[in-house]
Amino acid sequence: MIIQLNPPIPLHVLGKGDGFALAMIDYGQEHNLLWITAIDDTGEIWCAPNPTVRMQKNWSMGRGEPLATRASRNEAAPG
């Protein structure tokens, strides 16, 4: 089953960066959800498996930046 997300959801894909999930694919109980995500910095579209996806921080919701997201950003930082 594929579900179009309206509006898109701001996510961080570990190792890829911030982006917006446009849709989600659910192949059933034996598989991870796949988040079809457009990455902000590169414009790439990735089908990211659920374990590699994190919500972006949201001050108004009281949600800080997840530790895995912070580590992913540090790995991507030059030098």
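In case you missed it, the structure is sitting above this.
The rules behind these values
Residues numbered from 1 in each chain as written. Predicted model: local features only at pLDDT ≥ 70, side-chain atom pairs only at ≥ 80, totals over all residues. Heavy atoms only, no water. Helix = DSSP H or I, 4+ residues; strand = E, 2+ residues; numbered from the N terminus. Pairing = 2+ DSSP bridges. Axes fitted to C-alpha atoms, helices over the stretch in contact; angles between N-to-C directions. Buried < 20%, exposed > 50% of the residue type's maximum accessible area, 1.4 Å probe, protein only. Polar contact = N/O pair within 3.5 Å; in protein donor to acceptor, adjacent residues only side chain to side chain. Contact = heavy atoms within 4.5 Å.

*Asks:* Summarise unusual backbone geometry; cite the residues concerned and give the values.
*Replies:* The omega torsion of the bond from N6 to P7 falls at 10°, within 30 degrees of zero and hence cis. Position of P7 among the secondary structure elements: in strand β1 (residues 2-13).

*Asks:* Could you give an account of the sheet that holds strand β4 (residues 45-49), naming the residues involved and the relevant values?
*Replies:* In spatial order, the strands read β4-β3-β2-β1-β5; together these 5 strands make up an open sheet with antiparallel pairing. Edge positions in the sheet fall to β4 and β5 (53-55), since each of these pairs with one other strand and no more. Going across the sheet, the axis of each strand differs from the next one's by a mean of 45°, ignoring polarity. Alignment of β1 against β5, held across 3 bridges, turns out to be antiparallel. Bridge pairing in β5 places L11 opposite M55.

*Asks:* An account of the side chain of H12 is needed here, citing residue identities and associated values.
*Replies:* In this fold, H12 is placed in strand β1. The class of H12 is buried, set by a relative accessible area of 2%. A polar side-chain atom of H12 sits 2.9 Å from a polar atom in the side chain of D18. Here S72 takes part through its side chain, which lies 3.1 Å from a polar atom of the side chain of H12. Sequence-distant contacts of H12, that is, excluding residues within four places in its chain, are made with G17, D18, T52, V53, R54, Q56, T69, S72 and R73.

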